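# Structural overview for review
Each chain is listed here by its residues.
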Amino acid sequence: MCRYHKSHLTRRLILDTSADSEKEENMVEWLREVGMPADYVNKLARMFQDIKVSEDLNQEFQDGLKEQGNSVADIVTLKVLNAGAWSRGSERAIVSLPMELEDFIPEVEEFYRRKHNGRKLQWHHHMSNGVITFVGNIGRFDLEVTTFQMAVLFAWNQRRHDKLTLGDLRFVISQISY
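## Considerations on the overall build of the protein chain
- Scanning the protein chain from terminus to terminus reveals eight helices and two strands.
- Each helix and strand of the protein chain, ordered N terminal to C terminal, gives the series α-α-α-α-α-α-β-β-α-α.
- Scored against the burial criterion, the 178 residues of the protein chain give a buried share of 29%.
- Residue pairs in contact within the protein chain that sit at least 24 positions apart in sequence constitute 59% of those at least 6 positions apart.

The structure is reproduced here in structure tokens:
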């Protein structure tokens, strides 16, 4: 049960889909009161703390982008999470990011390095998502997609008149690892 609860809580916190964050935090305290292992409950509490710290860090990063006149500031959201609390085994995914996202990685890493000397970011693309705006003949749509789906959609968009084989898409998804 612990693993099931933690994996679903992780997903809700990362994707901001929790219906009521306060109730989620109260649940963690209730688990502590009913005698769940302290190590488990402390990791859950740390997850909530990381989300709150990430909100402040994200705001500072967005403010810095706005000062530079970067219009993307409103659409980039960062979550820096403590590996000890969030670890989900050694799940590391290899993905070739669209250039629009790849360009931000050095900027994010430099911002984080200035803020936290000596710490290094580790990217977990399997826990990432984004919204892509699709404009077609029948209207405009916002698609919420995983990083892998985003890579496939960007590959298709760059070569929309070519045939893309499954092998091409596998290559696109597995080209670069961070």
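## Concerning the packing of helix H2 (residues 21–33) against helix H3 (residues 38–67)
- The contact between H2 and H3 brings their axes to 9 Å, and the two run at 155 degrees. Comparing the axis directions of H2 and H3 gives the class roughly antiparallel. Considering how the two elements wind past one another, H2 and H3 form a crossing that is left-handed. Residues Ser21, Glu24, Glu25, Val28, Leu31 and Arg32 of H2 form the contact with H3, whose own contacting residues are Tyr40, Val41, Asn42, Leu44, Ala45, Phe48 and Lys52.

## Brief notes about the packing of helix H1 (residues 2–15) against H3
- Their axes nearest at 11 Å, the elements H1 and H3 cross at an angle of 0 degrees. In terms of orientation, H1 lies roughly parallel with respect to H3. Each of Cys2, His5, Lys6, Leu9, Thr10 and Leu13 in H1 lies in contact with H3, whose residues at this interface are Tyr40, Lys43, Leu44, Met47, Phe48 and Ile51.
- Each residue belonging to the contact of H1 with H3 can be placed in one class, and the counts come to eight nonpolar, two polar and two charged.

## Here we look at the environment of Asn42
- Assignment of secondary structure puts Asn42 in helix H3.
- Distance from Asn42 to Glu29, taken between C-alpha atoms, is 9.7 Å for residues 13 residues apart in sequence.

## Thoughts on the nonpolar core
- Core analysis: the largest hydrophobic core is formed by 15 residues, its most contacted members being Leu9, Leu13, Leu44, Met47 and Trp86.
- Among the secondary structure elements, those contributing two or more residues to this core are H1, H2, H3 and helix H4 (83–86).
- Here this core takes six residues from H3, the largest share from any one element.
- Those residues within four positions of Leu13 in sequence are excluded, and the remaining contacts are Met47, Phe48, Ile51, Lys79 and Trp86.

## Structural notes on the pairing of strand S2 (residues 139–146)
- Summarising the sheet, strand S1 (residues 129–136) and S2 pair through eight bridges and their orientation is antiparallel. Along S2, the bridge assignment pairs Ile132 with Leu143.
- From the end of S1 to the start of S2, which pair antiparallel, there are two residues.

## Describing the pattern of salt bridges
- For the structure on display, the rule yields nine salt bridges.
- The partner of Lys52 in a salt bridge is Glu25, and the shortest N-O contact between them spans 3.0 Å. Residue Lys52 is found in helix H3, and its partner Glu25 is found in helix H2; the two are separated by 27 residues along the sequence.
- Accessibility expressed as a relative area gives 43% for Lys52, which makes it partly exposed.
- Residue classification places Glu25 among the partly exposed residues on the basis of a relative accessible area of 26%.
- The shortest N-O distance in the salt bridge between Arg114 and Glu110 comes to 3.8 Å. Remark: Glu110 and Arg114 occur in helix H6 (residues 104–115); sequence separation between them is four residues, near one turn of the helix.
- Overall, the relative accessible area of 58% leaves Arg114 in the exposed class.
- Using a relative accessible area of 34% as the deciding quantity, one classes Glu110 as partly exposed.
- Overlapping salt bridges, with partners in common, bring together Glu110, Arg113 and Arg114 in one network.

What counts, and at which threshold
- Residues numbered from 1 in each chain as written.
- Predicted model: local features only at pLDDT ≥ 70, side-chain atom pairs only at ≥ 80, totals over all residues.
- Heavy atoms only, no water.
- Helix = DSSP H or I, 4+ residues; strand = E, 2+ residues; numbered from the N terminus.
- Buried < 20%, exposed > 50% of the residue type's maximum accessible area, 1.4 Å probe, protein only.
- Contact = heavy atoms within 4.5 Å.
- Axes fitted to C-alpha atoms, helices over the stretch in contact; angles between N-to-C directions.
- Parallel < 35°, antiparallel > 145°, perpendicular 65-115°, else oblique.
- Left-handed = near helix turned anticlockwise from the far one by under 90°.
- Nonpolar A, V, L, I, M, F, W, Y, C, P; charged D, E, K, R; others polar.
- Core = buried A, V, L, I, M, F, W, Y, C linked by side-chain atoms within 4.5 Å.
- Pairing = 2+ DSSP bridges.
- Salt bridge = Lys/Arg side-chain N within 4 Å of Asp/Glu carboxyl O.

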